[in-house]
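Residue-level listing of the chains:
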Amino acid sequence: AESEADQTPHGTVEAEELEERIRLVAGLADGTLRETNFTRYVTTVLGWNDEQVAQLRQRQAWLAEARLLLDEATARGQARRALTPLERADEVTRRLDDPVGRSLTLSLMGQVEADLGLADSAEGHAREGIALGLTVRHLDAVWDGLAARYEIRLTRRDRPGARSVLWEMHSLAVESNNPEA
């Protein structure tokens, strides 16, 4: 609808109707959960100008690049290359005040740092990503952060800590009613 909005009056109406539905659904979610996170986020995103939308698209591209670099990494040190696009994406998420993007970015940074053996930094990024992910109900970010924390516990040979993180992962899977998890 957004791409048509530039070309036809019908596209403009569709874009406006879509925005109205998005705001309605965000309000319903907030009402159900007794919070304002969804409405606040939707208001922020729908208020972005063209430059901010372009920055969002760039952040998405950097996250995709980081995930690809991680998938292609065969040796431990190769994962380090994923940090550069993640740091760039984090900078953009801060500028845009984008908690969804930031939660994903921080959790993924935690995973990369855990793979590199940077346990303290990984723990900090993973915890921050999890906290933001829980706030905005972004389960992928929470899951990625928990995976990083689990790996840190295994690296430190902290079996009770690893079990605790596994329990958090199990609880999240049960609460989210996600059979794949």
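All values derive from a computational prediction rather than experimental measurement. (Residues numbered from 1 in each chain as written. Predicted model: local features only at pLDDT ≥ 70, side-chain atom pairs only at ≥ 80, totals over all residues. Heavy atoms only, no water.)

Asks: What is the right way to read the pattern of salt bridges from this model?
Replies: Oppositely charged side chains can form a pair if their charged atoms are brought close together. For the structure on display, the rule yields twelve salt bridges. Two residues, D120 and R156, come together in a salt bridge whose shortest N-O distance is 2.9 Å. Residue D120 is located in helix 7 (residues 119-135), and its partner R156 is located in the loop between helix 8 (139-155) and helix 9 (159-176); the two are separated by 36 residues in the primary sequence. Through salt bridges with shared partners, one network takes in E123, R127, R149, R153, D158 and E168. (Salt bridge = Lys/Arg side-chain N within 4 Å of Asp/Glu carboxyl O. Helix = DSSP H or I, 4+ residues; strand = E, 2+ residues; numbered from the N terminus.)

Asks: Whenever I open this one, the environment of E123 confuses me. Can you help?
Replies: With respect to the helices and strands, E123 occurs in helix 7. When sequence neighbours within four positions are dropped, the list of residues in contact with E123 reads R149, I152 and R153. A polar contact of 3.1 Å, which involves the side chain of E123, links it to the side chain of R149. (Contact = heavy atoms within 4.5 Å. Polar contact = N/O pair within 3.5 Å; in protein donor to acceptor, adjacent residues only side chain to side chain.)

Asks: Would you mind showing me how to read helix 8 here?
Replies: Think of an α-helix as turning once every 3.6 residues; residues three or four places apart then point the same way. The end-to-end C-alpha distance of helix 8, which contains 17 residues, comes to 24 Å, matching closely the 24 Å that a straight helix rising 1.5 Å per residue would cover. Among all positions of helix 8, only A141, V142, D144, G145, L146, A148, R149, I152 and R153 are buried. For helix 8, the elements touching its buried residues are helix 4 (50-72), helix 6 (99-115), helix 7 and helix 9. Looking one or two residues past helix 8, R157 carries a phi angle of roughly 60°, positive in sign. (Expected span 1.5 Å × (residues − 1). Buried < 20%, exposed > 50% of the residue type's maximum accessible area, 1.4 Å probe, protein only.)

Asks: What is the right way to look at the packing of helix 6 against helix 8 in this model?
Replies: The relative placement of two packed helices is expressed as an angle between their axes plus a distance between the axes. In the contact formed by helix 6 and helix 8, the axes pass within 8 Å of each other and the chain directions differ by 20°. When the axes of helix 6 and helix 8 are compared, the pair comes out roughly parallel. Viewed along their axes, helix 6 and helix 8 form a crossing whose handedness is left-handed. For the pair formed by helix 6 and helix 8, the contact residues are S103, L104, S107, G110, Q111, A114 and D115 on the first element and D140, A141, D144, G145, A147, A148, E151 and I152 on the second. (Axes fitted to C-alpha atoms, helices over the stretch in contact; angles between N-to-C directions. Parallel < 35°, antiparallel > 145°, perpendicular 65-115°, else oblique. Left-handed = near helix turned anticlockwise from the far one by under 90°.)

Asks: Would you mind going over the environment of T32 with me for this structure?
Replies: Mapped onto the fold, T32 is located in helix 2 (residues 9-33). You can call T32 exposed: its relative accessible area is 62%. Taking C-alpha positions, T32 is 21 Å from S171, a pair spaced 139 residues apart along the chain. A distance of 2.9 Å separates the side chain of T32 from the backbone oxygen of L28, its partner in a polar contact.

Asks: Looking at this structure, how should I read unusual backbone geometry?
Replies: A negative phi holds for most residues other than glycine; trans holds for most peptide bonds. Look at R137: it is not a glycine, yet its phi comes out positive at around 60°. Following the sequence through the fold, R137 ends up in the loop between helix 7 and helix 8. In this structure, R157 takes a positive phi of about 60° despite not being glycine. One can find R157 in the loop between helix 8 and helix 9.

Asks: Hey, could you run me through the nonpolar core in this one?
Replies: When a protein is soluble and globular, its nonpolar side chains tend to lie buried together. L63, L70, A82, L86, L108 and V112 are the most contacted members of the largest nonpolar core, which has 21 residues in total. Listed by contribution, the elements that provide at least two residues to this core are helix 4, helix 5 (83-96) and helix 6. Here the element with the most residues in this core is helix 4; it accounts for six residues. Those residues in contact with L70 that sit more than four places away from it in its chain are A79, A82, L108, V112 and D115. Counting residues in each nonpolar core, the second largest holds six residues, with I130, V165, M169 and L172 among its members. (Core = buried A, V, L, I, M, F, W, Y, C linked by side-chain atoms within 4.5 Å.)

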